[in-house]
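In case you want the letters, here they are:
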Amino acid sequence: MAQILVYASEPAEYAAVLREAAPGIEIAQASTRQEALAHLDAEILLSWGFPPDLLASMPRLRWVQWLGAGVDKVIGALAPDVPLTRIVGGFGGVMTEHVFAFLLAIRRDVFGLRGLQREHRWQKMMMQPLRGQRLGVAGLGSIGADVARMGRAFGMEVWGLSRTLPADGLVDRHFLPGEVRAFVAGVQNLALVLPATTETDKLFGSGEFAAMQEGTILVNVGRGNAIDEAALAEGLRAGRPAYAQLDVFQAEPLPAESPLWDLENCFISAHCSGPSEKAEGLGRFTAENLRRYLSGEPLLGLVDRTRGY
Ligand code: NDP
């Protein structure tokens, strides 16, 4: 009987890191549902993408370490008394780069410059600096806080939205979930870094888009449920928001018939703003949690099952 089941596309990489942390521990590896079936007696599951319906068939399960920051795919299927931990601190850096890659590309009109170059046209452009603009960050957790800090580094005024008050000095102005419209109306750049919960479902819909300022850029790297996509397509056609960069969607892959694909002011990426950390970084976090589990210490990244994130 394996004590740990590692379920991932490259389970051997994680298993190697765990073996270093806990020599002698028995580790089973699986990357398909079929392979997982032979190891449902494991005590610990370390996974990204484990078939949720199999969780109910793991009678000895005592802990699940999810190899991602968002746990929406697993939380509903896991017995409430089994601790669920997620990765904290592994994604903020790269996801902040993703957010700012698009904010800068649009504000510096990188796409327009390429068009002029193709036509061999020497034409001065009026660029819009981020400095002095306002950045709104919805979700001020491990990732959103990094985005907020980078906004500050660019000389932006930073507004934040979350359920509880953030650490002192993280944002210039803070908004609660009931104040979404006032929050979006005040910023020119908006980054969504929210988890998928029933409360974040379609938090941004036609009313919020209509309240936006002219020229607003919306970037969503959290979860697709936060946006009413039909309303966003309408909003983009009307120029509110002026641009959107979407990394996450209500349904993934984004269906071919979605109008978002063909909107010139919508930039699509395939849920890839975050997961560039290879097994080593995530494995180190997990190895530390394994050490804690084995010695009875509190686990890192424990998900609050009532809040849902
Ligand atoms: P955290 O749990 O650390 O932070 C979540 C933040 O969202 C908190 O500030 C929380 O408020 C806030 N929040 C939750 N519910 C609401 C609500 N109803 N209204 C307003 N604010 C709310 O999460 P992370 O920062 O680690 O990750 C955020 C999300 O990013 C993940 O859940 C995941 O879905 C997504 N993600 C996407 C990736 C990608 O590749 N695109 C990769 C990794 C993560 P409070 O502080 O008050 O609790």
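The shown structure was predicted, so the numbers you read here are calculated from the model rather than taken from an experiment.

1. So, the sheet that holds strand β11 (residues 243-246)
Inference 1: Here 7 strands make up an open sheet; going across it, the order is β8-β7-β6-β9-β10-β11-β12 and the pairing parallel. The open sheet terminates on both sides in strands that have one partner only, identified here as β8 (173-175) and β12 (266-268). In this sheet, adjacent strand axes meet at a mean angle of 15 degrees when their direction is disregarded.
Inference 2: Direction of pairing for strand β10 (residues 217-220) relative to β11: parallel, over a ladder of 4 bridges. Residue pairing for β11: L218 is matched across the bridge by A244.
Inference 3: On the sheet, helix α5 (residues 144-153) packs against β6 (134-138), β7 (157-161) and β9 (189-192) and is oriented at approximately 175 degrees with respect to β6.
Inference 4: Along the sheet face, helix α8 (residues 229-238) touches β10, β11 and β12 and points at about 145 degrees away from the line of β11.

2. Topic: the layout of surface pockets
Inference 1: The computed volume of the second largest pocket comes to approximately 310 Å³.
Inference 2: A105, I106, D109, F111 and Y243 are, among the 16 residues lining the second largest pocket, the residues nearest its centre.
Inference 3: Counting residues per element, the ones that place at least two in the lining of the second largest pocket are α3 (92-107), α4 (110-118) and β12.
Inference 4: If you tally residues by element for the lining of the second largest pocket, the top one is α3, at 3 residues.
Inference 5: Looking at side-chain class alone, the lining of the second largest pocket contains 10 nonpolar, 3 polar and 3 charged residues.

3. Quick word on unusual backbone geometry
Inference 1: Omega for the bond connecting R240 with P241 falls within 30 degrees of zero, at 0 degrees, which places this linkage in the cis form.
Inference 2: Residue placement: P241 occurs in the loop between α8 and β11.
Inference 3: Note that the residue after E252, namely P253, is joined by a cis bond; omega there is -5 degrees.
Inference 4: Among the structural elements, P253 can be located in the loop between β11 and β12.
Inference 5: Despite not being glycine, K202 has its phi angle at roughly 50 degrees, a positive value.
Inference 6: Mapped onto the fold, K202 is located in the loop between β9 and α7 (206-210).
Inference 7: The backbone of H271 shows a phi angle near 50 degrees, a positive value even though the residue is not glycine.
Inference 8: Following the sequence through the fold, H271 ends up in the loop between β12 and α9 (279-294).

4. A short note on the pattern of salt bridges
Inference 1: Inspection of every chain in the model, using the stated rule, returns 12 salt bridges.
Inference 2: Its salt-bridge partner being E297, residue R291 comes within 3.0 Å of it at the nearest N-O pair.
Inference 3: Judged by relative accessible area, R291 falls into the partly exposed class, the value being 37%.
Inference 4: The residue D304 makes a salt bridge to R307 at a minimum N-O spacing of 3.8 Å.

Parameters and conventions
Residues numbered from 1 in each chain as written. Predicted model: local features only at pLDDT ≥ 70, side-chain atom pairs only at ≥ 80, totals over all residues. Heavy atoms only, no water. Pairing = 2+ DSSP bridges. Helix = DSSP H or I, 4+ residues; strand = E, 2+ residues; numbered from the N terminus. Axes fitted to C-alpha atoms, helices over the stretch in contact; angles between N-to-C directions. Contact = heavy atoms within 4.5 Å. 1 Å grid on protein atoms, 1.4 Å probe; cavity = no way out; pocket = protein on both sides within 12 Å on 5 of 7 lines; lining within 4 Å. Points joined across faces, edges and corners; volume = space filled by probe spheres on them. Nonpolar A, V, L, I, M, F, W, Y, C, P; charged D, E, K, R; others polar. Salt bridge = Lys/Arg side-chain N within 4 Å of Asp/Glu carboxyl O. Buried < 20%, exposed > 50% of the residue type's maximum accessible area, 1.4 Å probe, protein only.

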